[in-house]
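Chains, contacts and geometry: an overview
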Amino acid sequence: MGRQWGPSMRAAEQAGCVVSASRAEQPEAGLWSCSGVILSRSPVLVLCHGGIFTPFLRGGSGALTVAGATFLPGDSCGDDLRLHVQWGPTAASSAGRAEEGLPGLCTPRCAGLEPGQAAQPRGRLLQAAHAAELLLLLSCPAFRAHFARLFGSEAAEQWRFASAAPDEEVSGEEEEDQLRALGWFALLRVRPGGEAEAARGPAVTVAPLGAVAKGAPLLACGSPFGAFCPDIFLNTLSRGVLSNAAGPLLLTDARCLPGTEGGGVFAARPAGALVALVAAPLCWKAREWVGLTLLCAAAPLLRAARAALARLPDVAALAALLPPEVGAPRGLLLRGPGPPWAAAAVLVEFGSVWGSGVAMAPRLVVTCRHVAPREEAKVLVRSTNPKSVSIWGRVIFATQETSPYDIAVVSLEEDLDGVPMPRPAEHFHEGLWALGDLRHPVSCGAGGQHTGDAADHLRRAWWLQWRTPLLHPLGGPPGHCR
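The written sequence of each chain sets the order in which its residues are numbered from 1. Since the coordinates come from a predicted model, pLDDT governs what is reported: local features require at least 70, and pairs of side-chain atoms require 80 or more to be given and counted, while whole-chain, interface and lining totals use all residues. The basis for every side-chain value is the complete set of non-hydrogen atoms in the structure, without hydrogens or water.

1. Overview of the overall build of the protein chain
Where we set the bar: Numbered from the N terminus, helices here are DSSP runs of H or I no shorter than four residues, and strands are runs of E no shorter than two. Relative accessibility decides the category of a residue: with a 1.4 Å probe and only protein chains considered, values under 20% of the type maximum give buried, values over 50% give exposed, and everything between is partly exposed. In this description, contact between two residues means that some pair of their heavy atoms is separated by no more than 4.5 Å. Using the Shrake-Rupley algorithm and a 1.4 Å probe, accessible areas are obtained, with residue cover drawn only from the displayed protein chains.
A tally of regular secondary structure across the protein chain gives seven helices and 24 strands. A total of 482 residues make up the protein chain; the buried ones form 47% of that total. In the protein chain, once contacts between residues fewer than 6 apart in sequence are set aside, the share between residues at least 24 apart is 66%. Counting only carbon and sulfur atoms, one obtains 55% of the accessible surface of the protein chain, whose full area is about 23,200 Å².

So, in structure tokens, the structure goes:
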């Protein structure tokens, strides 16, 4: 991942862990697990997702939705709750100093490829799972307020935040529990003894709200499928960018899977700083998977944790051990203007179908044909930068369904004021990572068919410009002749 990711990778590996919850009478029959972040190692304090605790709440998941509830003490869960935390080797732990060639810890479900086959040495010795206690359940009020505003209206009924796909059978009660727990996290303390006392890796640092700009690279660290087979899944890394933000509610395109809830998301700058925790790894709209992960900013969440600990005399002293904030001033707004070219991206809605588009002129938007599939169709175009507007338009050109080119052109009824128009690229080099120049509309093609390389799309785009009078004012790329 390059030198810029070195500190972030080390911080993620040393802070990542997996948390499992079970009942005392049936430790294996009923097991819930998620990812977590180690905040302090002396004592070991862990922050993880709160969703795994809903089956143990004395008052049920409804206790999470009581008006004004920002935290619940540890005794809000039943006495039969048993917690364990597992993490990988750190530089100061005996596991990190173990001789190579010793077998790693492996769960029974992945102990062998065939029945009776013993696990082979892996050379990656994991820490044994340590018993822990629940200190409190907490939420970030600002996160919940933004979530309710964005996804709580009737228009947001088609949104779904759950680990299971829409086609999978999930009880309504289970889905309701997951929704209620969204935005709730848990603060744990690992019981002292053995390796838990020996492990003394560096404490994680926290990026203040606004220290990481929109479009900045991020590194997500979580354990897909929770406690299942930690030999291969513990502290899995995924890279992305900060896609967007609304207060402490963040979006990233870093790929996260079920079980990574509660995992940490780290920044390249400030180097290795904790930016956020995974709130929902999978989002669905109109039964279609959305490749974005929902995050809760770490800084306001930890400020809420300090406030909650201060109200609990038995654990109030632990507030001083929570990690500090480092980096940019707190006054910097997280939702900054971002790169100017990003404002050219718009949302295109055609009935229940939606997709992205690019504003090519004040009254012209290019999108994909599968978003607006036929000419003369009426679509709604939304833009949020520099201001929120919704403008109706109609499709003036769309490629045929059998065409390998997935392009549609929309003419708007009003101007998109203040939106900078992108500069079409003259050429495109394979493997080039670039932002700012328009390459071609993102297209997947019907049935996953190949839709042609970038050069094909560019040639098609300029042919469309010649064919469509409204496109003529754009001009061609440098050196282009019609």
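2. Looking at the pattern of salt bridges
Pairing of side chains with opposite charge becomes possible as their charged atoms draw close. To keep it simple, the criterion reads: Salt bridges are identified by distance alone: a Lys or Arg side-chain nitrogen within 4 Å of an Asp or Glu carboxyl oxygen.
Under the definition given, this model contains seven salt bridges. Between Glu349 and Arg382 there is a salt bridge whose closest N-O contact spans 3.2 Å. Separated by 33 residues along the polypeptide, Glu349 in strand β17 (residues 345-350) and Arg382 in strand β20 (residues 378-383) bring together distant segments of the chain.

3. Some words on the sheet that holds strand β19 (residues 364-367)
Basically, it comes down to this: By definition, two strands form a pair when at least two bridges between them are found by DSSP. Only the stretch in contact is used when a helix axis is fitted, and all axes are lines through C-alpha atoms; the angle between N-to-C directions ranges over 0 to 180 degrees.
Spatially, β17-β18-β19-β22-β21-β20 is the arrangement adopted by the six strands of the closed barrel, whose pairing is antiparallel. In this sheet, adjacent strand axes meet at a mean angle of 40 degrees when their direction is disregarded. Bridge analysis of β17 against β20 gives three bridges, and the strand direction is antiparallel. Bridged to Glu349 within β20 is Leu380.

4. Some words on the nonpolar core
Using the following cut-off: We call a set of buried residues a nonpolar core when its members are Ala, Val, Leu, Ile, Met, Phe, Trp, Tyr or Cys and they connect through side-chain atoms within 4.5 Å of each other.
Leu39, Leu47, Leu138, Leu187 and Leu309 are the most contacted members of the largest nonpolar core, which has 41 residues in total. Examining the composition of this core, we find that eight residues originate from one element, helix α6 (residues 298-310), more than from any other. Setting aside anything within four residues of it in sequence, one finds Leu47 in contact with Gly36, Val37, Leu39, Leu138, Phe185, Ala186, Leu187, Gly262, Leu277, Leu301 and Leu302. By size, the runner-up hydrophobic cluster in this structure holds 27 residues, among which are Ala21, Phe56, Ala132 and Leu137.

5. Observations concerning the pairing of strand β13 (residues 274-280)
When you tally the buried positions in β13, you get seven out of seven residues, the bulk of the element. By the bridge criterion, three bridges tie strand β12 (residues 264-267) to β13 in an arrangement that is antiparallel. Within β13, the position partnered with Gly264 by the bridge is Leu277. The pairing of β13 with strand β16 (residues 293-297) spans four bridges and is classified as antiparallel.

6. Thoughts on the sheet that holds β12
Strand order in this closed barrel of six strands is β9-β10-β11-β16-β13-β12, and the pairing throughout is antiparallel. Put simply, the sheet's adjacent strands are angled 45 degrees from each other on average, direction ignored. Where strand β9 (residues 217-222) and β12 come together, four bridges link them in antiparallel fashion. Across the sheet, the residue bridging to Leu219 is Phe266, located in β12. The strands touched by helix α1 (residues 6-15) within the sheet are β9, β10 (236-246) and β12, with β12 carrying the most contacts at an inclination of about 160 degrees.

7. Remarks on the side chain of Thr367
Selection rule: Polar contacts, as used here, are pairs of N or O atoms within 3.5 Å; protein pairs need one atom able to donate a hydrogen and one able to accept it. Residues neighboring in sequence count only if both atoms are side-chain atoms.
Note that Thr367 resides in strand β19. With a relative accessible area of 1%, Thr367 lands in the buried category. Within the local environment of Thr367, its side chain forms a polar contact with the backbone oxygen of Ser356, the two atoms lying 2.8 Å apart. Those residues in contact with Thr367, other than ones at most four positions away along the chain, are Val348, Ser356, Gly357, Asp406, Ile407, Ala408 and Val410.

8. A few points about the pairing of strand β8 (residues 184-190)
Here β8 lies mainly inside the structure; six of its seven residues are buried. Of the strand pairs in this sheet, strand β3 (residues 44-49) and β8 are connected by five bridges, and their pairing is antiparallel. Bridge pairing in β8 links Leu45 to Arg189. The pairing of strand β6 (residues 130-139) with β8 spans seven bridges and is classified as antiparallel. Each bridged residue has a counterpart across the sheet, and for Leu134 the counterpart in β8 is Leu188.

9. Describing unusual backbone geometry
Put simply, Ser42 and Pro43 share a cis peptide bond, and its omega is 0 degrees. Looking at where Pro43 falls in the secondary structure, it is placed in the loop between β2 (31-41) and β3. Notably, Phe225 is not glycine yet its phi reads approximately 70 degrees, a positive angle. Structurally, the position occupied by Phe225 is in the loop between β9 and α5 (230-233). Phi at Glu376 is positive, roughly 70 degrees, even though this residue is not glycine. One can find Glu376 in the loop between β19 and β20. You can call Glu376 exposed: its relative accessible area is 55%.

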